[in-house]
Amino acid sequence: MNTGYRIIIADDHPLFRNALLQAVTLAVSDAELIEVDTIDALMQRLTEVDDVDLLLLDLKMPGASGFSGLAQLRHEYPELPVVMVSASEEPAVVQQAMRFGALGFIPKSAPMPTLVSALNTILEGDPWFPEGVSLEQAPEDNIAERLASLTPQQFKVLIMLSEGKLNKQIAYELNVSEATVKAHVTAIFRKLDVKNRTQAVIALSQTGHQQD
DNA sequence: GCCGGGGTTGATGCGCGTTT
DNA sequence: AAACGCGCATCAACCCCGGC
């Protein structure tokens, strides 16, 4: 049994937040638990508290589609241990979480004992991912594979493309020049094997990363 | 023809792992 | 430890195209 951790649970679904809460309570005694239900609230909390030992982050949250939340977090808080929680168990999704630097990946379908042991493993500092998923994945040559090859920054850009934003707007939001955004966009095209932003957005939408 | 948006290319600097 | 290579992010200069 671990003790004395500060843990943030970020999930927009109250029922599942409770389930996670329960699992954490079983795995950790004397933990300080913080619950948030939006990305904005999460970001706000992160500016208020430090020394967060673990963040349980839902893959699909209001204010972030797909991995944009994780990408943003890794960018702003590289040291923060993040565990993805998701309804999806697709290997490509899990691998993407790995690529984005998640410490673990917990499927929502996992039974409570699994949840607890996963949490314990992660709190010990070891990664925990579902069975049968490894970094040396079987090459599947599908869109999900190609999406998984994007860097976090490129993924953020792609998310914003899917929101219909102009290069100029993306540049402003990422605090970089428009030229940089264009370079990212071109790199995304190359990795996704598409010719323009429209096709890139279509490719993204075909793998369940579409907007809420 | 000018302007604005999209897209391409080459250069630069950085971090990181590998080689020597 | 130094050199090296690699991927990434960043950027400017440039081209293409369509609307006004």
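Conventions we followed
Residues numbered from 1 in each chain as written. Chains lettered and ligands numbered in written order. Predicted model: local features only at pLDDT ≥ 70, side-chain atom pairs only at ≥ 80, totals over all residues. Heavy atoms only, no water. Axes fitted to C-alpha atoms, helices over the stretch in contact; angles between N-to-C directions. Helix = DSSP H or I, 4+ residues; strand = E, 2+ residues; numbered from the N terminus. Parallel < 35°, antiparallel > 145°, perpendicular 65-115°, else oblique. Left-handed = near helix turned anticlockwise from the far one by under 90°. Contact = heavy atoms within 4.5 Å. Near = heavy atom within 4 Å. Polar contact = N/O pair within 3.5 Å; in protein donor to acceptor, adjacent residues only side chain to side chain. Nonpolar A, V, L, I, M, F, W, Y, C, P; charged D, E, K, R; others polar. Buried < 20%, exposed > 50% of the residue type's maximum accessible area, 1.4 Å probe, protein only. Arc of directions from axis to C-beta. Phe/Tyr/Trp six-rings, centres within 6.5 Å; stacked < 30°, edge-to-face > 60°. Lys NZ or Arg CZ within 6 Å of the ring centre and 35° of its normal. Pairing = 2+ DSSP bridges.

Novice: Even after reading the chapter, I still don't get the packing of helix α1 (residues 14-27) against helix α5 (residues 112-123), so can you show me in this structure?
Specialist: A pair of packed helices can be characterised by two numbers: the angle between their axes and the separation between those axes. At a minimum axis separation of 9 Å, α1 and α5 run at an interaxial angle of 60°. In terms of axis orientation, α1 runs oblique to α5. Considering the relative orientation of α1 and α5, their crossing is right-handed. The segment α1 lies against α5, with Ala 19, Leu 20, Gln 22, Ala 23, Val 24, Leu 26 and Ala 27 engaging Met 112, Leu 115, Val 116, Leu 119 and Asn 120.

Novice: I would appreciate a short explanation of the protein's contact with DNA strand B in the present structure.
Specialist: Surrounding DNA strand B, one finds Leu 166, Asn 167, Lys 168, Lys 182, Thr 186, Phe 189, Asn 196 and Arg 197. When atoms of DNA strand B within 4 Å of the protein are sorted by moiety, sugar and phosphate together comprise 54%. Contacts to DNA strand B include Lys 168, whose side-chain N or O atom sits 2.6 Å from a phosphate oxygen. Contacts to DNA strand B include Lys 182, whose side-chain N or O atom sits 2.8 Å from a base oxygen. Among the elements of the structure, α8 (167-174) and α9 (178-192) are those that each provide at least two residues to the surface near DNA strand B. Its residues placed into classes, the surface near DNA strand B shows two nonpolar, three polar and three charged.

Novice: Before we go on, may I ask you to explain the protein's contact with DNA strand C in this structure?
Specialist: Within the structure, DNA strand C sits among Thr 151, Gln 153, Gln 154, Val 176, Ser 177, Ala 179, Thr 180, Ala 183, His 184 and Lys 191. At a separation of 3.0 Å, a phosphate oxygen of DNA strand C approaches a polar side-chain atom of Thr 151. In the environment of DNA strand C, a phosphate oxygen lies 3.0 Å from a nitrogen or oxygen atom belonging to the side chain of His 184. Broken down by secondary-structure element, the contributors of at least two residues to the surface near DNA strand C are α7 (152-162) and α9. With five residues, the top contributor of residues to the surface near DNA strand C is α9. Taken together, the residues of the surface near DNA strand C break down into three nonpolar, six polar and one charged.

Novice: Could you clarify how one ought to interpret α8 in this entry?
Specialist: The α-helix advances 3.6 residues per turn, and as a result positions three or four apart in sequence lie on the same side. Of the residues making up α8, those classed as buried are Asn 167, Ile 170, Ala 171 and Leu 174. The buried residues of α8 all sit within an arc of 100° when viewed along its axis, so they share a single face. Exposed and oriented more than 90 degrees from the buried face of α8 are Lys 168 and Tyr 172. Buried-residue contacts for α8 involve α7, α9 and α10 (197-205).

Novice: How should the packing of aromatic side chains be read in this particular structure?
Specialist: The way to describe two aromatic rings as a pair is by their centre distance and the angle between their planes. This structure, assessed with the given rule, holds zero aromatic pairs. Positioned over the ring face of Phe 16 is Lys 108, at 4.8 Å from the centre of the ring.

Novice: Just checking my understanding: could you explain the sheet that holds strand β5 (residues 54-58) for this structure?
Specialist: What links the strands of a sheet is backbone hydrogen bonding, and the strands pair in either a parallel or an antiparallel sense. Strands sit in the order β4-β2-β5-β6-β7 across an open sheet of five strands; the sheet is parallel. Pairing within the sheet leaves two strands with one partner each, and these edge strands are β4 (32-36) and β7 (104-107). In this sheet, adjacent strand axes meet at a mean angle of 20° when their direction is disregarded. As defined by bridge partners, strand β2 (residues 6-10) adjoins β5 across four bridges and the pair is classed as parallel. Bridge pairing in β5 links Ile 7 to Leu 54. Along the sheet face, helix α2 (residues 39-48) touches β2, β4 and β5 and points at about 140° away from the line of β4. Along the sheet face, α5 touches β2, β5, β6 (82-86) and β7 and points at about 170° away from the line of β7.

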